Amino acid sequence: MTHTPSPAPALATDLAPTGTLRASINLGNPVLAQGTPEAPSGITVDLAREIGARLGLPVELLCFDAARKSFEAMADGRADLCFLAVDPARETEVAFTAPYVVIEGVYAVPRDSGLTTVEDVDAPGVRIGVKQGSAYDLFLSRSLAHATVVRGAEGVDTFRGEGLEVGAGIRQPMTSYAQEHPEVRLIEGRFMEIRQAVGTTAGRAPETVAFLRSTVEELKANGFVTDSLRRAGQDTGLLAPPAA
């Protein structure tokens, strides 16, 4: 696509003080990124490169296998840009844009489980496998009143490996998993909306954060996000609505 004129150099300096825009990419979320650390692709990679191009900056992609590690790279100053779900636990460290896509969190259970609704899951004795540090780990840890969160490298692997009552995850990979494992089914409905946004460290200049927010809104409106999702084989219906 045609890039807009480069913003003021001060924005580039503030966002990327090393002279290279370092973007943390979470390959653990197959909706947002695909490929390998050597050759990543997907909506987050496209967004990072577009933001870099608008600032006239080279882009370095730092790839991780979990959102928790991507967040830590931002918090430690190893990355300038991240692509994470908006969550109160992260907003103390990260200044977020509005979401560019919205993903659903869903539950998987054994096919013969008596749990049939999202509400059924929050009950004494119910253990839920989650990916440690994921958006749904943070949400469930904060919101469950009775069920217990069990953390692991992958929520569905923890669910199966430890014989838990429930596994939690993102709808798209969880749907594929259930299709490949007929002994597992998904509970209808979602337990949360996962609002995926662009973020930078909270200490950046207000003008820098405003630039990221306006850029994301433009890329949602002009078809960039939709086209990127389509090229990656993802559901274009994930596109987030315009910011309020």
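Because the structure is a prediction, the values reported are computed rather than measured.

*Asks:* What is the right way to read the packing of helix α2 (residues 43-55) against helix α10 (residues 224-231) from this model?
*Replies:* Two quantities define a packed helix pair, namely the angle between the axes and the distance from one axis to the other. One way to put it is that α2 packs onto α10 with a least axis distance of 9 Å and a crossing angle of 140°. One finds that α2 runs oblique with respect to α10. Of the two possible hands of crossing, α2 and α10 adopt the one that is right-handed. Counted together, Ile43, Asp46, Leu47 and Glu50 of α2 and Phe224, Val225, Ser228, Leu229 and Arg231 of α10 form the full contact between these two elements. Residue composition of the contact of α2 with α10, by class: five nonpolar, one polar and three charged.

*Asks:* In this structure, what is going on with the layout of surface pockets? I would like to understand it.
*Replies:* Which parts of space are left empty comes out when a probe the size of a water molecule is rolled across the atoms. Here the largest pocket defines a volume of roughly 350 Å³. Going through the elements one at a time, β5 (82-85), α6 (135-143), α7 (155-161), β9 (166-170), α8 (171-180) and β11 (192-201) are the ones with two or more residues in the lining of the largest pocket. A breakdown of the residues in the lining of the largest pocket according to their chemical character gives 16 nonpolar, seven polar and four charged.

*Asks:* How do you make sense of α8 when you look at a structure like this?
*Replies:* Think of an α-helix as turning once every 3.6 residues; residues three or four places apart then point the same way. All buried positions along α8 are accounted for by Met174, Tyr177 and Ala178. What you see down the axis of α8 is that its buried residues fit within an arc of 95°, all on one side. Among the exposed residues of α8, those pointing more than 90 degrees away from its buried face are Gln179 and Glu180. Buried-residue contacts for α8 involve β6 (94-110), α7, β9 and β10 (184-186).

*Asks:* Even after reading the chapter, I still don't get helix α9 (residues 206-221), so can you show me in this structure?
*Replies:* Taking 1.5 Å per residue as the helical rise, α9 with its 16 residues ought to reach 22 Å, and the 23 Å between its terminal C-alpha atoms agrees with that figure. Taken together, the buried positions of α9 are occupied by Thr208, Val209, Phe211, Leu212, Thr215, Val216, Leu219 and Lys220. Buried residues of α9 fall within an arc of 160° about the axis and therefore sit on the same side. Turned more than 90 degrees from where α9 packs its buried face, Pro206, Glu207 and Ala221 sit exposed.

*Asks:* I keep staring at the environment of Leu47 and nothing clicks. Help me out?
*Replies:* Turning to its location among the elements, Leu47 is positioned in helix α2. As for Leu47 and Ala145, which are separated by 98 residues in sequence, their C-alpha atoms are 37 Å apart. For Leu47, the residues in contact, after removing those within four places along its chain, are Phe83, Tyr100, Val198, Leu219 and Phe224.

*Asks:* Could you clarify how one ought to interpret the packing of aromatic side chains in this entry?
*Replies:* What describes a pair of aromatic rings is the distance from one ring centre to the other and the angle between the planes of the rings. Tallying each qualifying case throughout the model produces two aromatic pairs. Here the aromatic rings of Tyr107 and Phe191 are separated by 4.4 Å at their centres, their planes lie at 20°, and the arrangement is stacked. In this pair, Tyr107 sits in strand β6 while Phe191 sits in the loop between β10 and β11, placing the two residues 84 residues apart along the sequence. Overall, the relative accessible area of 11% leaves Phe191 in the buried class. Taken together, a centroid distance of 6.4 Å and an interplanar angle of 25° make the contact between Phe139 and Phe191 stacked. Pair noted here: Phe139 is in helix α6 and Phe191 is in the loop between β10 and β11, with a separation of 52 residues, a long-range link. Using a relative accessible area of 24% as the deciding quantity, one classes Phe139 as partly exposed. These aromatic residues form a ring-pair network of at least three members: Tyr107, Phe139 and Phe191.

Criteria and cut-off values
- Once a new chain begins, its residue numbering starts again from 1 and follows that chain's sequence as written.
- The model is predicted, so local features are restricted to residues of pLDDT at least 70 and side-chain atom pairs to those at 80 or more, both for listing and for counting; the totals for chains, interfaces and linings are taken over all residues.
- Only hydrogens and water are removed before side-chain values are computed, so all heavy atoms of the structure are retained for them.
- Note on definitions: angles span 0 to 180 degrees between N-to-C directions of axes, and those axes are lines fitted to C-alpha atoms, for helices only across the stretch in contact.
- Here a helix means four or more residues in a row that DSSP labels H or I, a strand means two or more in a row labelled E, and each is numbered from the N terminus.
- Roughly parallel here means an angle under 35 degrees, roughly antiparallel means over 145, roughly perpendicular means 65 to 115, and every remaining angle is called oblique.
- The handedness criterion is simple: a crossing whose near helix is rotated anticlockwise from the far helix by less than a right angle is left-handed, and one whose near helix is rotated clockwise is right-handed.
- Should any heavy atoms of two residues lie within 4.5 Å, those residues are counted as being in contact.
- For this classification, Asp, Glu, Lys and Arg are treated as charged, while Ala, Val, Leu, Ile, Met, Phe, Trp, Tyr, Cys and Pro are nonpolar and the rest, including Gly, are polar.
- Cavities and pockets were defined on a 1 Å grid built over protein atoms only: a cavity is a set of grid points that admits a 1.4 Å probe from which the probe cannot escape, a pocket is an open set flanked by protein on both sides within 12 Å along at least five of seven lines, and lining residues are those with an atom within 4 Å of any such point.
- Grid points are joined across faces, edges and corners, and a volume is the space filled by probe spheres set on the points.
- The buried label goes to any residue with under 20% of its type's maximum accessible area, the exposed label to any with over 50%, and the partly exposed label to all in between, with areas taken from a 1.4 Å probe on protein chains only.
- By arc we mean the arc of the directions from the helix axis to the C-beta atoms, nothing more.
- To estimate the expected span of a helix, count its residues, drop one, and scale the result by 1.5 Å.
- Only rings of Phe, Tyr and Trp enter the pairing, Trp through its six-membered ring, and a pair is recorded when the two centres are within 6.5 Å. The plane angle decides the type: under 30 degrees is stacked, over 60 is edge-to-face, the rest tilted.

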